[in-house]
Structures are given as C-alpha cells and as structure tokens.
Amino acid sequence: MKKRIVSVLLCAAMAVSMLAGCGSGKNASGDGSESSDMEYVKDKGTLVVGITNFEPMDYKDENGDWIGFDADLAKAFAESLGVDVEFVEIDWDNKILELEGKTIDCVWNGMTLTEEVTSSMECTDAYLENAQVVVVPADVADKYQDEDSLADLSFAAEAGSAGEEELEARGLNVTPVTAQADALMEVEAGTSDAAVIDLLMAAAMIGEGTSYADLTYTVSLNSEEYGVGFRKGSDLADELNDFFTASYEDGSIQKLAEQYGVQAALIQQ
C-alpha cells in the first residue's frame, strides 16, 4: 500500500511539473515561445499599426502616404526598433480583437485611455490631452451651448469610440458610424443633427478654411488622455514610453506637435 501511495504522489508531481512547463512559455507574442513581443516584431521586421483616418493624427497626403502626428511618431519609433512600419485601417469597434488576433501589433490613433482599453491592452503613459466635443452646423450653434440643450438632438459617433460612450452614458440618441470622419459627413448631409468627435480632430477638420467650413464645435463632454495600446503583457509599451521621454528631451516631439498643431495638448514626459 505504501509503495502504491508513493507511486501516485510521484505521478501527481510529474503532472504538475508538466503543466507548469506548458504554461511557462506564454507571453504577449501569443505563439507559446519565450520571445518577447518586441523580439516578435523585430523578427518579422515590421511594426503593424492599427489606425483610422483621423486628421491630424493619421491621414493620407496627396500621394496616398500616411502622415500625421501619430503616423510620424510611429515611423520614428519603428526606425528606432530597426523595423519597417505598416499602417492598417481597422474597424475601431474591433481594435481589441485585431490586436489579440495579431493582425496588428499596436493601436496608435489618438486612442482615449478608457477603462476598457487599459484593461484589455498594455498601454503607454498618456502623451496628449483631449476632449470629446459636440459638432453642429455653425448657423444653429448658439442653440447648443450646454448639455441640457442637447437632449432632443440625433447624434452620429464612431462605433466603439469615447464619443459614443459619452453619448450613451447620457442617454442621448446616437447612431454609430465607422469613423469620426463619417460622423462629420452625417452632420454635413443633415442626416444627423450633431456629432461627437475628438477635440483635436475638430480643431483640424472643421471651421473656416476646411472641408467643413459650415460646422463648428460647442459643448465639451469630458476631458481625457491619449495613449498607445499593445498586446497585454507586451514589453513594447515600456519601450515606447522610453522613446517618448527621449523624444521630449531632444525636442523632436515638440517640433512634430507644432507641425500638426497639437502642441497645446502635449503632455510632458
């Protein structure tokens, strides 16, 4: 009987050891190996960045190349890693699935650090301040100067965005659209009374001298911060934090912020 007990105990110990060994290689690279997420990106030679068309953060120039404050920062970060950068337009509502499915390596697109984002991704420190603002036709803007005046409006907002979240939290009527630019088109076309988009986008895309000269923004619904998201457990978040700090110290991030008109929103690293 004693021999049998000892045998059972040994088998149990071996099973525990084998299970521990199976789990020890799991990490952000998602392939069961012991390589870090940074090594995974370096091995494949490309940092794949998930974005939407969002001026002044990520948008295309006349040649069809991606530019913008975030796009240019992503290019510089990829260069510091010794890899190429690839920009992939994603459905913003599916950003977490895209990241976990490894179709992208990070979400870098003026992303608000919401509770959902920070619990699902490995996020950097905040690098820009922002707000969600109400956009309406300029000729009726005087009617919508506080939250109480918004109750009967129909809104458009990007699905999965902080803007949609703010509207739903207030019980306001919101139609989700694919991108923030689409929300502006809804208001311009008169199919929605108003839109909620990022303040930094509003400052760049609406008003005099823009394609939406007849639109303006009024009420600010919140204040928030932008960060970059990687796969949970990724070591690339700390690497990018170090890159932000170095870029702030050498003045390159301030210069880039001035180029795209977001210098007032920059958070000192």
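Structure: see above.
Criteria and thresholds
- Residues numbered from 1 in each chain as written.
- Predicted model: local features only at pLDDT ≥ 70, side-chain atom pairs only at ≥ 80, totals over all residues.
- Heavy atoms only, no water.
- Helix = DSSP H or I, 4+ residues; strand = E, 2+ residues; numbered from the N terminus.
- Buried < 20%, exposed > 50% of the residue type's maximum accessible area, 1.4 Å probe, protein only.
- Contact = heavy atoms within 4.5 Å.
- Areas by Shrake-Rupley, 256 points an atom, 1.4 Å probe, with all protein chains shown as cover.
- Pairing = 2+ DSSP bridges.
- Axes fitted to C-alpha atoms, helices over the stretch in contact; angles between N-to-C directions.
- Patch = residues over 30% accessible without salt bridge, like charges linked within 9 Å, V, L, I, M, F, W, Y side chains within 5 Å.
- Salt bridge = Lys/Arg side-chain N within 4 Å of Asp/Glu carboxyl O.
- Lys, Arg positive; Asp, Glu negative; His and termini not counted.
- Charge placed at Lys NZ, Arg CZ, Asp CG, Glu CD.
- 1 Å grid on protein atoms, 1.4 Å probe; cavity = no way out; pocket = protein on both sides within 12 Å on 5 of 7 lines; lining within 4 Å.
- Points joined across faces, edges and corners; volume = space filled by probe spheres on them.
- Nonpolar A, V, L, I, M, F, W, Y, C, P; charged D, E, K, R; others polar.
- Phe/Tyr/Trp six-rings, centres within 6.5 Å; stacked < 30°, edge-to-face > 60°.
- Parallel < 35°, antiparallel > 145°, perpendicular 65-115°, else oblique.
- Core = buried A, V, L, I, M, F, W, Y, C linked by side-chain atoms within 4.5 Å.
- Expected span 1.5 Å × (residues − 1).
- Arc of directions from axis to C-beta.

(A) Region of interest: the overall build of the chain. Helix and strand counts for the chain come out as 10 helices and 13 strands. Per-residue burial over the chain gives 48% buried out of 269 residues. If you take every contact in the chain between residues at least 6 apart in sequence, the share linking residues at least 24 apart comes to 69%. Of the roughly 13,300 Å² of accessible surface on the chain, 48% is carried by carbon and sulfur atoms.

(B) Looking closely at the sheet that holds strand β10 (residues 173-177). Pairing within the open sheet is mixed, and its 5 strands lie in the order β10-β9-β11-β8-β12. Of all strands in the sheet, those bounded by a partner on one side alone are β10 and β12 (215-220). Averaged over all pairs of adjacent strands, the angle between strand axes in this sheet comes to 35°, irrespective of strand direction. Relative to β12, strand β8 (residues 132-137) is paired through 4 bridges, and the arrangement is antiparallel. Of the residues in β12, the one forming a bridge with V135 is Y217.

(C) Main features of a negative patch on the surface. A cluster of acidic side chains, namely D91, D93, E115, E116, E165 and E168, defines a negative patch on the protein surface. The set of elements that each furnish at least two residues to the negative patch consists of α5 (115-120) and α6 (162-169). Look at E116 and you get partly exposed, because its relative accessible area is 44%.

(D) Broad picture of the layout of surface pockets. What the largest pocket holds in volume is close to 230 Å³. As for the largest pocket, its lining consists of 22 residues, and the residues nearest its centre are W92, K95, G160, S161 and A162. If you tally residues by element for the lining of the largest pocket, the top one is α6, at 5 residues. Of the residues that constitute the lining of the largest pocket, the class distribution is 5 nonpolar, 9 polar and 8 charged.

(E) Geometry of the packing of aromatic side chains. Tallying each qualifying case throughout the model produces 6 aromatic pairs. By way of ring pairs, the aromatic residues F69, F77, W108, Y127, F243 and F244 are connected into one cluster.

(F) The arrangement of the packing of helix α3 (residues 69-81) against helix α9 (residues 236-249) in detail. Running from N to C, α3 and α9 cross one another at 110°; their axes reach a closest spacing of 11 Å. Judged by the inter-axis angle, α3 sits roughly perpendicular to α9. The residues of α9 that touch α3, namely those facing L73, A76, F77, S80 and L81, are L236, E239, L240, F243 and F244. Residue composition of the contact of α3 with α9, by class: 8 nonpolar, 1 polar and 1 charged.

(G) A look at unusual backbone geometry. The step from E55 to P56 runs through a cis peptide bond, and the omega angle for that step is 10°. Within the element layout of this structure, P56 appears in the loop between β1 (46-51) and β2 (59-60). Even without being glycine, K102 reaches a positive phi, approximately 65°. In this structure, K102 sits in the loop between α4 (95-100) and β5 (106-112). Judged by its relative accessible area of 24%, K102 is partly exposed.

(H) Up close: the nonpolar core. Residues F69, F77, W108, L128, L184 and F244 are the most contacted members of the largest nonpolar core, which totals 57 residues. Considering each element in turn, this core owes the most residues, 7 residues, to α3. Excluding its chain neighbours within four sequence positions, the residues that come into contact with F69 are P56, M57, Y127, L128, I253, L256, A257, Y260, V262 and L266.

(I) Focus on the pattern of salt bridges. Applying the stated rule across the entire model yields 6 salt bridges. One salt bridge connects D105 with K44, and the closest N-O pair in it is separated by 2.6 Å. Of the two residues, D105 is situated in the loop between α4 and β5 and K44 in helix α2 (residues 37-44); the sequence distance between them amounts to 61 residues. Overall, the relative accessible area of 1% leaves D105 in the buried class.

(J) Here's a closer look at α9. Its 14 residues place the ends of α9 20 Å apart at the C-alpha level, agreeing with the 20 Å of an ideal helix rising 1.5 Å per residue. Along α9, the positions that sit buried rather than exposed are L236, A237, L240, N241, F243, F244, S247 and Y248. Looking straight down α9, one finds that the buried residues subtend no more than 160° of arc, so they occupy a single side. In α9, the exposed positions that point more than 90 degrees away from the buried face belong to D238, D242 and E249. Taken together, the buried residues of α9 touch α2, α3, β5, β6 (122-123), β13 (224-230) and α10 (252-259). Where α9 terminates, the next one or two residues include G251, which has phi positive at roughly 85°.

As far as function goes, none of this settles anything; it's purely spatial.
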